[in-house]
Amino acid sequence: MLEQLTLGRYIPGHSWLHRLDPRAKLVLACYFIVIAFLTTNWLTYVLMFAFIGGVIFLTGLSFSYFVRGIGPLIWLIVFTAILQLLFTPGGHIYWHWGILMITSTGIQTSTAVFLRFLLIITMATVLTLTTAPLAIADGVEALLRPLRVIHFPVAQTALMLSVALRFVPTLLDEAQTIMNAQRARGVEFNNGGLIKRLRAIVPLLIPLFVGAIGRADDLATAMESRGYQGATNRTRYRVLKWHNADTIAVVVILVLNVVLVVLRHM
Amino acid sequence: MAITFDHVNYMYQPNSPFEAVGLSDVSFTVPSESFTAIIGHTGSGKSTLVQHLNGLLKPTSGTVTVDDFQLTAKTTNKHLKSLHQHVGMVFQFPENQLFDQTVERDIAFGPLNFGFTNEEAMSLAHQAAHDVGLPDELLKRSPFELSGGQMRRVAIAGVLASQPRVLVLDEPTAGLDPRGRAEMMAMFAKLKADQHLTVILVTHQMDDVADYADQALVMAHSNLIKAGTPAEIFADPEWVKAQQLALPTAANFAQHLVTRGFEFDSLPLTAEQLAIQLRGQLPKEGR
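Thresholds, definitions, all that
- Residues numbered from 1 in each chain as written.
- Chains lettered and ligands numbered in written order.
- Predicted model: local features only at pLDDT ≥ 70, side-chain atom pairs only at ≥ 80, totals over all residues.
- Helix = DSSP H or I, 4+ residues; strand = E, 2+ residues; numbered from the N terminus.
- Contact = placed C-beta atoms within 7 Å.
- Domains from an automatic or database assignment.
- Nonpolar A, V, L, I, M, F, W, Y, C, P; charged D, E, K, R; others polar.
- Pairing = 2+ DSSP bridges.
- Axes fitted to C-alpha atoms, helices over the stretch in contact; angles between N-to-C directions.
- UniProt positions renumbered as here; feature names shortened; annotations may be inferred.
- Buried ≥ 20, exposed ≤ 12 C-beta atoms within 10 Å, placed from the backbone.
- Arc of directions from axis to C-beta.
- Left-handed = near helix turned anticlockwise from the far one by under 90°.
- Parallel < 35°, antiparallel > 145°, perpendicular 65-115°, else oblique.
- Core = buried A, V, L, I, M, F, W, Y, C linked by C-beta atoms within 7 Å.

### Examining the overall build of chain A
Here comes step 1: Summing up its helical and strand segments, chain A has ten helices and two strands in all.
Here comes step 2: Expressed as lengths along the three principal axes of its C-alpha atoms, the size of chain A is roughly 65 × 55 × 40 Å.
Here comes step 3: Restricting to contacts in chain A with at least 6 residues of sequence separation, those with at least 24 account for 75%.

### Some thoughts on the environment of Val251 of chain A
Here comes step 1: In this structure, Val251 of chain A sits in helix α10 (residues 244-264).
Here comes step 2: Along the chain, Val251 of chain A and Met223 of chain A lie 28 residues apart, while their C-alpha atoms are 41 Å from each other.

### As for the domain arrangement of chain B
All names here are of chain B.
Here comes step 1: Per the domain assignment, the segments making up chain B are domain 1 (3-97 + 165-240) and domain 2 (248-281).
Here comes step 2: In this complex, domain 1 contributes ten residues to the contact, which on the side of domain 2 involves nine residues.
Here comes step 3: Elements that contribute at least two residues to the side of domain 1 that touches domain 2 include exactly α7 (206-212) and α8 (230-234).
Here comes step 4: Broken down by element, the residue count for the side of domain 1 that touches domain 2 peaks at five residues, all from α7.
Here comes step 5: The class makeup of the residues in the side of domain 1 that touches domain 2 is eight nonpolar, no polar and two charged.

### Considerations on the sheet that holds strand β2 (residues 20-30) of chain B
Residues and elements named next belong to chain B.
Here comes step 1: Read from one edge of the open sheet, four strands run β2-β1-β4-β5, paired in antiparallel fashion. If you trace the sheet from one side to the other, it starts and ends with β2 and β5 (69-71), each paired once. Strand-to-strand twist across the sheet, computed as the mean angle between neighbouring axes with direction ignored, equals 20 degrees.
Here comes step 2: Note: strand β1 (residues 3-12) against β2, seven bridges, orientation antiparallel. Within the sheet, the bridge partner assigned to Phe5 lies in β2 and is Phe28.
Here comes step 3: Helix-sheet contacts for helix α1 (residues 46-53) involve β1, β2, β4 (61-66) and β5, and the interaxial angle to β2 is about 60 degrees.

### Details of the UniProt feature "transmembrane region" (unreviewed entry) in chain A
Here comes step 1: In the UniProt entry, the feature "transmembrane region" (unreviewed entry) is given for residues 26-43, 74-95, 115-137, 149-168 and 242-263 of chain A.
Here comes step 2: Along residues 242-263 of chain A the backbone is 91% helical and 0% strand, and the end-to-end C-alpha distance reaches 31 Å.

### Quick word on helix α10 (residues 249-259) of chain B
Residue and element names in this part refer to chain B.
Here comes step 1: Within the sequence span of α10, burial applies to Ala250, Ala251 and Ala254. One side of α10 carries all its buried residues, which in axial view fall inside an arc of 95 degrees. Exposed side chains of α10 directed beyond 90 degrees from the buried face belong to His256 and Thr259.
Here comes step 2: For α10, the secondary structure elements touched by its buried residues are α7, α8 and α11 (271-279).
Here comes step 3: Directly after α10, the chain includes Gly261, whose backbone phi takes a positive value near 95 degrees.

### Comments concerning the interface of chain A and chain B
Here comes step 1: Every contact between the two is made by 22 residues of chain A and, on the other side, 23 residues of chain B.
Here comes step 2: Elements supplying a minimum of two residues to the side of chain A that touches chain B: α4 (63-70), α8 (154-184) and α9 (194-225) of chain A.
Here comes step 3: For the side of chain A that touches chain B, the leading source of residues is α8 of chain A, giving seven residues.
Here comes step 4: A per-class count over the side of chain A that touches chain B returns ten nonpolar, nine polar and three charged.

### Overview of the packing of helix α3 (residues 103-113) of chain B against helix α5 (residues 148-160) of chain B
Residue and element names in this part refer to chain B.
Here comes step 1: Running from amino to carboxyl end, α3 crosses α5 at an angle of 35 degrees, the nearest separation of the two axes being 6 Å. At the point where α3 passes α5, the crossing takes the right-handed sense. From α3, Val103, Asp106, Ile107, Phe109 and Gly110 reach across to α5, where they touch Val154, Ala157, Gly158 and Val159.
Here comes step 2: Class assignment of the residues belonging to the contact of α3 with α5 gives a composition of six nonpolar, two polar and one charged.

### Let's talk about the packing of helix α3 (residues 42-59) of chain A against α10 of chain A
Residues and elements named next belong to chain A.
Here comes step 1: Interaxial distance between α3 and α10 falls to 9 Å at its minimum, and their mutual angle equals 160 degrees. Judged by the angle between their axes, α3 and α10 are roughly antiparallel. The segment α3 lies against α10, with Leu43, Thr44, Leu47 and Phe51 engaging Leu256, Val259, Leu260, Leu263 and Arg264.
Here comes step 2: Its residues assigned to classes, the contact of α3 with α10 comprises seven nonpolar, one polar and one charged.

### Re unusual backbone geometry
Residues and elements named next belong to chain B.
Here comes step 1: Backbone geometry places His7, a non-glycine residue, at a positive phi of 45 degrees.
Here comes step 2: Within the element layout of this structure, His7 appears in strand β1.
Here comes step 3: A positive phi angle, close to 60 degrees, is found at Gln244, a residue other than glycine.
Here comes step 4: Along the polypeptide, Gln244 turns up in the loop between α9 (237-242) and α10.
Here comes step 5: Of the residues examined, Gln244 has 11 C-beta atoms within 10 Å and is grouped as exposed.

### Structural notes on the domain arrangement of chain A
Residue and element names in this part refer to chain A.
Here comes step 1: Entries for chain A in the domain assignment read domain 1 (1-131 + 241-266) and domain 2 (133-234).
Here comes step 2: Each partner contributes to the interface: domain 1 provides seven residues, whereas domain 2 provides eleven residues.
Here comes step 3: Broken down by class, the residue content of the side of domain 1 that touches domain 2 amounts to four nonpolar, one polar and two charged.

### What to know about the nonpolar core
Here comes step 1: Membership of the largest hydrophobic core comes to 83 residues, with the highest contact counts inside it found for Ile38, Ala157, Val168 and Ile200 of chain B.
Here comes step 2: Of the residues forming this core, the biggest block, seven residues, is contributed by α5 of chain B.
Here comes step 3: Counting residues in each nonpolar core, the second largest holds 16 residues, with Leu28, Phe32, Met123 and Leu127 of chain A among its members.

What follows is the structure in structure tokens.
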């Protein structure tokens, strides 16, 4: 049941997108998310969806990965869109009941919210599907490096991030094992009312925390015994390298930005 | 027949990019009150197989029968609870499932979930603690204060307390020292005899297969490739090696003796069988 979570999952591959520099991918994904808010008319949406469709094609991954990545969040998106739809005043009023109303402005904003959300989540899914967690951590560290001037602990932050990412699958596996063990002892995780379900979580969470703390302790010992010092200037095994492909990606997204701005005013 | 697998297939996450075969057309039967060992190298499907025994996994196709229960792809979760009670599962490193404030309450957790009253559950817990050799003074302690070996006994007692008729053990002696391992296996043999249990043991210890099992199932690449008595399974040492398995210590020892001129009618699997067959062959002056 837990392994069906695609959100934040990396699928190894050799596509052009897989091989892009993680710094470039992080910055460009964020940039894309920002310009997703520049969309106004249907032309701009067609452009953005065509672009993201092209990106999905370039990942070389089956479309079903993306459907699964968005799946768990679709209700959140729909819920937000419905709130927008029911509470936005302005324009022609089609229907209203108490404070709830459906207006032409409401329909416009909720459609915009829905489509923008879809763009943003798809792009975030592209990022995590094609970038190994450790590469993301490396990218974040490289991007945060300027903050060292103000004594921000960049190396430790990056380490925390990579350790956390590294242990997500391990903890999911462990949670699955403990769930099975407790189900075998008669716990029903998917049956009964809210209180019963919440109580069923306790025999899952306590062993999970005990395991996680034990693991953290072991990891700290292992790191110290190998001479980990924290803030010293560490060299790295994986050196990030900026390639022509990264420059091309930057140019492509800048062009997208320009075209978007032009289409906005049509 | 206590347990029957009839053409059982299992797919992990069918119709998705993550689809993977877990079990492929597995059929076998296990008689009541027998001791069955499941062997095979890591990732061969042993754990997937045993999770079908109490409905933690449901077959994608085929039927699993455990006494009066029938498990198919269509079985709903509601009907699984009595199966969970009927088949006790001791997972790998079962001490990881402990969570309650006292040993006693942790052991009573299963019986309480299966609808026993508080008093019944406590009395079952005490009985189970006694069966696995936990001293009474530990019952009021926190399970997290105990040693690793004791924690494992608490976890096993927690499974036994629900009074299962079938006991599934997934590498129950992993991580124990040789003495703890021997004690634990002897304990399971005694429990089986006293409570008339059907025992299924997943193991990498060939000596345990030789010493305790009535029947062994060999898994490889999600398939059941051989089923038979330990003598039948270990009869062909070359085949055993090809499956990345090993011979029991006594059989291995006997093989070395054969190269030194000893002869055996059949390959001895246990120290006892080895001793019996060697008796007539040792030179007299050695006594």
